[in-house]
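Notes for the structure review
Listed here are the chains, written in short residue letters.
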Amino acid sequence: DMMPKMALSRGFHFHVVLLVAALVNSHFRTEVNAVNCTAVCDDCLAEIVSCYSRNLESVPTGIGAQAKQLYLDQNQLSALPTGIFHHMTNLQTLYLNENQLSALPTGIFDHLTNLRGLYLNGNQLSALPTGIFDH
């Protein structure tokens, strides 16, 4: 009578271990695929950061909060994660032109209170979220 319960318990633990392993693997896979700024851009911790024409498919990690100008133009960016620019509160000019952007997430620029120049031309944007420039 104890055998079936023990087998069920072992099976349950096995599935939990597989689930945890899959979650950990997925987390690390995301981290490995993320490109670090210092590997592909110039002056990542300066006020002017250039990631111009680097064939990037995502915004690099590790761009400093002191950046005032960020050049991400002429890349292959097709989407921007919500919050990707939130730590860049000093940003004054953001170049996203000549990419593959077809949509922008709501709130993408909310923390960029010093933003004065935003270049989005040369993308595939057909609409912008309501209130995207309210902050």
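This text goes with the structure placed above it.
These remarks concern the structure in this document.

Reading the values: the criteria
Residues numbered from 1 in each chain as written. Predicted model: local features only at pLDDT ≥ 70, side-chain atom pairs only at ≥ 80, totals over all residues. Heavy atoms only, no water. Phe/Tyr/Trp six-rings, centres within 6.5 Å; stacked < 30°, edge-to-face > 60°. Helix = DSSP H or I, 4+ residues; strand = E, 2+ residues; numbered from the N terminus. Buried < 20%, exposed > 50% of the residue type's maximum accessible area, 1.4 Å probe, protein only. Disulfide = S-S within 2.5 Å. Lys, Arg positive; Asp, Glu negative; His and termini not counted. Salt bridge = Lys/Arg side-chain N within 4 Å of Asp/Glu carboxyl O. Contact = heavy atoms within 4.5 Å.

Here we look at the packing of aromatic side chains
- The tally for this structure, following the rule as stated, stands at three aromatic pairs.
- Ring centres 4.2 Å apart and planes at 5 degrees place the aromatic pair Y71 and Y95 in the stacked group. Taken together, the residues Y71 in strand β2 (residues 69-71) and Y95 in strand β3 (residues 93-95) connect sequence positions 24 residues apart.
- Aromatic pair F109 and F133: ring centres 6.2 Å apart, planes at 5 degrees, arrangement stacked. Of this pair, F109 sits in the loop between β3 and β4 (117-119) while F133 sits in the segment after β4; the two residues are 24 residues apart in sequence, bridging distant segments of the chain.
- Its relative accessible area of 53% is what places F133 among the exposed residues.
- Three or more aromatic residues link up through ring pairs in this structure, and these residues are Y71, Y95 and Y119.

Here's the deal with the state of the cysteines
- Applying the stated criterion to the full structure yields two disulfides.
- Across a sulfur-sulfur distance of 2.0 Å, C37 and C44 are joined as a disulfide pair. Disulfide C37 to C44: torsion about the S-S bond roughly -95 degrees, handedness left-handed. We note that C37, like C44, is buried.

Some thoughts on the side chain of D73
- You can see D73 is positioned in the loop between β2 and β3.
- Look at D73: it is buried, it has no salt bridge, and the nearest opposite charge is R54 at 8.9 Å.
- Each residue touching D73, except ones within four places of it in the same chain, is listed here: C51, Y52, S53, Y95, N97, E98 and N99.

Thoughts on the pattern of salt bridges
- Inspection of the entire model under this criterion finds two salt bridges.
- Close ionic contact of D42 with R54 constitutes a salt bridge, the shortest N to O distance being 2.9 Å. Of this pair, D42 sits in the loop between α2 (37-40) and β1 (48-50) while R54 sits in the loop between β1 and β2; the two residues are twelve residues apart in sequence, bridging distant segments of the chain.
- Notably, a salt bridge pairs E47 with K68, separated by 3.8 Å at the nearest N-O pair. One end of the pair, E47, is in the loop between α2 and β1; the other, K68, is in the loop between β1 and β2, with 21 residues separating them in the sequence.
- By relative accessible area, E47 is classed as partly exposed at 43%.
- Residue classification places K68 among the partly exposed residues on the basis of a relative accessible area of 30%.

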